Amino acid sequence: MKVSLNWLEQYFNEKLDGFEIEAILTKLGLEVENREKLDLSFSNVVVGKIESLEKHPNADKLQICSINVGEKENLQIVTGALNIYVGMKVPVALVGSKVVGGNISESKLRGISSYGMLCSGTELNMDSSLLSDNEKDGILPLSEDLELGEDLLDVFSLHDEVLDLGLTPNRADCYGIYNIAKEIILKKDYKLKKIEFLKGDLSKENFKIKINNENLCHRYVARIVKDVNIKPSPLWFANLLRNVGVRPINNIVDITNYVMFELGQPMHAFDFDKLEGSKIVVEEAYDGETFITLDGKERKLDKDMLLIKDGVKAVALAGVMGGYNSEVDNNTKNILFEAAHFNSASIRRTSRKLGLRSEASGRFERGLSEENAIKAMDRAMYLVELLGAGKVEKSYFEAYPIKQIIPTITSTTEKVNAILGMNIASEEIIKIYEKLNFNVKIEDDKLLVTPEAHRIDVKSEIDLVEEVVRIYGYENIPATLPVGATNTIKVDYKIKLVEQIKNYLVDNGLNEIVSYSFIDKSSYEKCGYATLADERLKVMNPLSENQSYMREKLLPGIIEIASRNYKRQRRNIPIFEIGRVFKGTVNKLPEETLKLGIFILENEVKEWYGKVKNDFFTLKGILEKLISTISNKELKFERLTELETLHPGRAANIIANNQIIGQIGEIHPNVLSEYDIKEKAFYLELELEGFDEPKVKQYKSLPKYPSIERDMALIIPKDLNYAKIFKTISDASNNMVVKCRIFDIFEGSQIEEDMKSVAFSLTYQDPDKTMIDEDVSTIHNSIINTLVERFGAKLR
Amino acid sequence: MFEKIKIFFEELETDSLESKKDVLEDILSLAKEEGLIEIDKGKKVDDLKIVQTKYFGKKGIISDLMKYMGKVSNKDKPILGKIIHNFKTTLEDKLNQRFTVLKKTEINAKLETEKIDITLPGTNSQRGHKHPLTLVEEQIKEIFTNIGFTVVEGFEIEEDYYNFERLNIPKDHPAREMQDTFYLNEDVVLRTHTSPVQARIMDKMCPQLPVKIIAPGKVFRRDDDSTHSPMFHQIEGLMVDKNITFADLKGVLLHLVKSIFGEERKIRLRPSYFPFTEPSAEVDVSCGNCNQEGCRVCGYTGWLEILGSGMVHPSVLEMAGYNSNEVTGFAFGIGIERIAMLKYGIDDMRLLFDNDLRFLEQF
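Model, not experiment: these values are computed from the prediction.

**Student:** Help me understand the environment of Asp754(A), please; the structure alone is not making it clear to me.
**Tutor:** Residues and elements named next belong to chain A. Tracing the chain through its elements places Asp754 in the loop between β39 (737-746) and β40 (755-764). With relative accessibility at 56%, the residue Asp754 sits in the exposed group. Taking the C-alpha atoms as reference, Asp754 lies 35 Å from Leu626; in sequence the two are 128 residues apart. If we skip the residues at most four places from it in the chain, Asp754 touches Ile716, Pro717 and Lys718.

If you want it as structure tokens, here you go:
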């Protein structure tokens, strides 16, 4: 919402300072997003008249003009403009002037001297939305009656400052500049001038207004103006509109726009002679009904949209845009002005469905006071007379089925202070209400407060509290700390767990990433997942296709980021993410599961101390250490071959308490190539639900007797895995082996094809006595025998 | 020398050592001098060991001398013993001293050869980095848990009911325009703020008091440019109890800002509007870049907007079952990205989601 200081100053006797007004509005909660001085974009541009035109002797496309700028001698200016003619008044940038695009100096064009430049609207910093079609085209034509030599800054009233307000939805009334003026006097001791109205009498004549659905239209006011003289508005009036970003069209339309910007009330002007039925009917459209709006576009309507009809045909889309068929044009003789109150939700839905937003719909959507309609009408009629635009009929027509209820709110000083934590005196509070022009009645210790009609946001005591503190000043609120009972809400262990995991992973060289929770549908296929994206997790209105599904896995986001870093020549990519993934369910809400994903690239490098690289076991080591840090869970790994995400020979399910809690493995080369990663990479995804706070461990007494180590080297079948051997050893030793460390694995030419050589170091310990060599040998040999018998192992 | 000693003892009459001991001492003192010189001459531990054997070995000089102990009379024995002891300890002391010196020298020499380049980098010294958003989130959580708040979490995909209606934003409320929403279906949205946690936790707690929580998490809005991301992070704060005031809110936020940005920073509350709080306030922190002189960072205003807050709207309390005549509360929502950008001087929000390791490793 743009507010011009020139406009505001109409309501005061004082000159306003932009900086100060910005500070005041900010303190009152009307956010100023931008403040712009309008007279900075050009200088030294004056009104000139083209007195003669001749062709340039050396250039086909140039003309030499002789321009009268009110000085004794005419200026010679060479121009390439096409839309100029003798007698035309034009903006002339004098030598030494500044316009958008540069500074103007004396120059020679193909041998002919030129002392200035003729300007287009753009060169004078006019937004193209402010220019009519013929104004957009080349040099800006100026009005005949302008004085020669007059500064264009004065012509267009550009010694002005414009504040751009970001209004909150509760203060729709401030879409009217007069209501902003009312705010200013809350903080500044200025006198607010009254604005003038031309009131009418309520007609009892035969022109009828009929509202079919009262809930959608609480009030409809109409008034007729006869013998109108359609012409451009006077410059001062047009300039005010232009400075708040509205293109002047003609006096009648400009008046409706002016009132909309002054009081926040959208109005509409119908060509009365184009209305056929001598009445106004407000009713819903039918499904499939079509209607051509002012902009010439045909709109397809449905039964939720509200139309204004003339008894024969639809003439306006209520609150959104007028109809093409009843538009005011240069031949219009009589006008019917409309000021109405429409249901904000209905207007909002209509304008959304049609994708049609207008200044009017924006105001209706936010909600207006019913009382505003008649004020706006009376103000518009005053302006019609002021601008001599036509003959205002004495009486007006109205349907007002649902009257505005202005509440009377009961409040106490104690309550206000209790909420604020302050001690504002009753008198002070009453003074604030009076400043706001709220009616106050004192009854015992209670205040009965009735807000002004346009403040439809003030409905209950808390709204009064807000008004009090807003005007008393937020800067005057003390800063205290709350006192009270101790909080007893228990912390979810998961919150601590996540912090602990992040600490561990970061200590171990991994970097945390944060990826988007929505992913591309195709990424599941790219990542080799067998299932397709769950349609229940599809975002109805995504910003783009690649952000249209809520993630079920972390990998797509993580590998995308890995790939991005890889493409930047990065090879050391140890990254992890902790975040939620989703699963569609029969319930309303999807299931949210917290997961951890870790990605590392093989990244083989030569360091000064030797070659290093990551592999499956690097990642497995990180996982094992992590799990033992955060829980007492025992992990098991089961080979996983059916996935196309991970290498079928190098992947495993991670199992704890007989439940699969994740997967770990080398990423399938097909997946890596989808993401242009040309090196091995390893990935694990782990579910973090179900990690309860581990039970406190109880101390176990230390072993009393020494342990003995023995090595064992065996040739065993290639397929025999470590877990199985270890279990066999452990069982065969009758629990006397407390540790089994594998220190060598070897396959190759010296060994039979299906076999491998493994070497273990076993630690023996008897909890009840010191073991002697013989005891150990007995067990050691029985282990060997078991391995030989069960697996065909051979001693090396 | 041995000759002289041999002769001395051959000539020695029984019990006369007392009177002749000067002679013996003279002989031995010469031998002692000789020994001391030999010890000094030894430049290596091995040289010294030869000297040691010469004097202290089984067939060494001391051992030879000791043989005369058996040959002298009982009266002379202690006298001779004293003389030998004296001779022995002098050499022994000297030898040990010399051993210590030479061993030290030799170890030093050996260590000298084992010298390494201590400026080479350590092995496996790479640490990882938490995402800056996590660092800020953890800091804010700590600030609030230290003053008795509990961290809770809500759903990222939330019912329209909790995301809007329970926060005083019914369907068709103009405030829905303030936040462009992603929908999964008509009733289910990607939460547009962490505020639904307010309703959820109050439902769980009512009628218990106080409710004193903060709730961090991801939120989503249909916006994507250099200052907006369709996904970002917030921390919701809520305190509900008897006698909670707007002044308390200001005090808590002042504590927060000073804890994050430093004691010297100030805050400014500006009236604003959120449907679920009233009175509402936008909170600005004084610009640390220019000390409020005005600069590009603060748009020449001296202030930086960091969060939205207010007193919990009575109808939000009522919908959760609390009596708004007896109970009040405050709430606030902090944008973590915003804080991180201000704290670390990050000038483009997209950096936070690009996850360039060169960026992440700076934290």
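Moving on from the model shown.
**Student:** Hey, could you run me through the packing of aromatic side chains in this one?
**Tutor:** Given two aromatic rings, their pairing is described by the distance between the two centres and the angle made by the two planes. Tallying each qualifying case throughout the model produces 25 aromatic pairs over all chains. A ring pair is formed by Phe237(A) and Tyr258(A), whose centres lie 4.7 Å apart and whose planes are at 25 degrees; its orientation type is stacked. Here Phe237(A), found in helix α6 (residues 235-243), pairs with Tyr258(A), found in helix α7 (residues 251-263); they are 21 residues apart in sequence, far enough to count as distant. Take Tyr258(A): its relative accessible area is 2%, and that puts it in the buried class. Plain terms: the ring middles of Tyr344(B) and Phe363(B) are 4.8 Å apart, the flat faces sit at 75 degrees to each other, and that makes the pair edge-to-face. Placement of the pair is Tyr344(B) in helix α11 (residues 336-344) and Phe363(B) in the segment after α13 (357-360), with a sequence separation of 19 residues. Take Tyr344(B): its relative accessible area is 28%, and that puts it in the partly exposed class.

**Student:** Explain the packing of helix α6 (residues 132-146) of chain B against α11(B) here, please?
**Tutor:** Residue and element names in this part refer to chain B. Two numbers describe how α6 lies on α11: the axes approach to 9 Å, and their chain directions differ by 100 degrees. Of the possible angle classes, the one that applies to α6 and α11 is roughly perpendicular. Residues Pro132, Leu133, Leu135, Val136, Glu137 and Gln139 of α6 form the contact with α11, whose own contacting residues are Ile336, Glu337, Ile339, Ala340, Lys343 and Tyr344. Within the contact of α6 with α11, the residues separate by chemical class into eight nonpolar, one polar and three charged.

**Student:** Looking at this structure, I do not really get the sheet that holds strand β5 (residues 211-220) of chain B. What am I missing?
**Tutor:** By way of backbone hydrogen bonds, the strands of a sheet pair with one another, either parallel or antiparallel. Spatial strand order, β1-β5-β6-β10-β9-β8-β7 (chain B): seven strands in an open sheet with mixed pairing. What marks the edges here is a single partner per strand, and that holds for β1 (150-151) and β7 (267-274) of chain B. By the bridge criterion, eight bridges tie strand β8 (residues 277-286) of chain B to strand β9 (residues 303-312) of chain B in an arrangement that is antiparallel. Residue pairing across strands places Glu282(B) opposite Gly308(B), the latter belonging to β9(B). Across the sheet, helix α13 (residues 461-472) of chain A lies against β7 and β8 of chain B, angled at about 30 degrees from β8(B), the strand it touches most.

**Student:** I would appreciate a short explanation of the interface of chain B and chain A in the present structure.
**Tutor:** The interface is formed by 92 residues belonging to chain B together with 84 residues belonging to chain A. Here chain B and chain A share an interface that buries about 7600 Å² over both sides, 58% of which is from carbon and sulfur atoms. Our count for the contact surface shared by chain B and chain A stands at seven salt bridges. Among the salt bridges present, the one from Arg580(A) reaches Glu153(B), with a minimum N-O distance of 3.3 Å. One can count 38 residue pairs in polar contact (both at pLDDT 80 or more) joining chain B with chain A.

**Student:** Before we go on, may I ask you to explain the pairing of strand β10 (residues 328-335) of chain B in this structure?
**Tutor:** A regular strand places its side chains so that they alternate between the two faces of the sheet. Residues and elements named next belong to chain B. β10 sits mainly inside the fold: eight of its eight residues count as buried. Residues of β10 alternate between two faces, with Thr328, Phe330, Phe332 and Ile334 on one and Gly329, Ala331, Gly333 and Gly335 on the opposite face, all of them buried. As judged from the eight bridges shared by strand β6 (residues 231-241) and β10, these two strands associate in the antiparallel manner. Each residue of the ladder has a partner; that of Glu236, found in β10, is Gly333. Examined bridge by bridge, β9 and β10 share five bridges and lie antiparallel to one another. Opposite Gly310, over in β10, you have Ala331 as the bridge partner.

Procedures and definitions
Residues numbered from 1 in each chain as written. Chains lettered and ligands numbered in written order. Predicted model: local features only at pLDDT ≥ 70, side-chain atom pairs only at ≥ 80, totals over all residues. Heavy atoms only, no water. Helix = DSSP H or I, 4+ residues; strand = E, 2+ residues; numbered from the N terminus. Buried < 20%, exposed > 50% of the residue type's maximum accessible area, 1.4 Å probe, protein only. Contact = heavy atoms within 4.5 Å. Phe/Tyr/Trp six-rings, centres within 6.5 Å; stacked < 30°, edge-to-face > 60°. Axes fitted to C-alpha atoms, helices over the stretch in contact; angles between N-to-C directions. Parallel < 35°, antiparallel > 145°, perpendicular 65-115°, else oblique. Nonpolar A, V, L, I, M, F, W, Y, C, P; charged D, E, K, R; others polar. Pairing = 2+ DSSP bridges. Buried area = accessible area lost by both parts, 1.4 Å probe. Salt bridge = Lys/Arg side-chain N within 4 Å of Asp/Glu carboxyl O. Polar contact = N/O pair within 3.5 Å; in protein donor to acceptor, adjacent residues only side chain to side chain.

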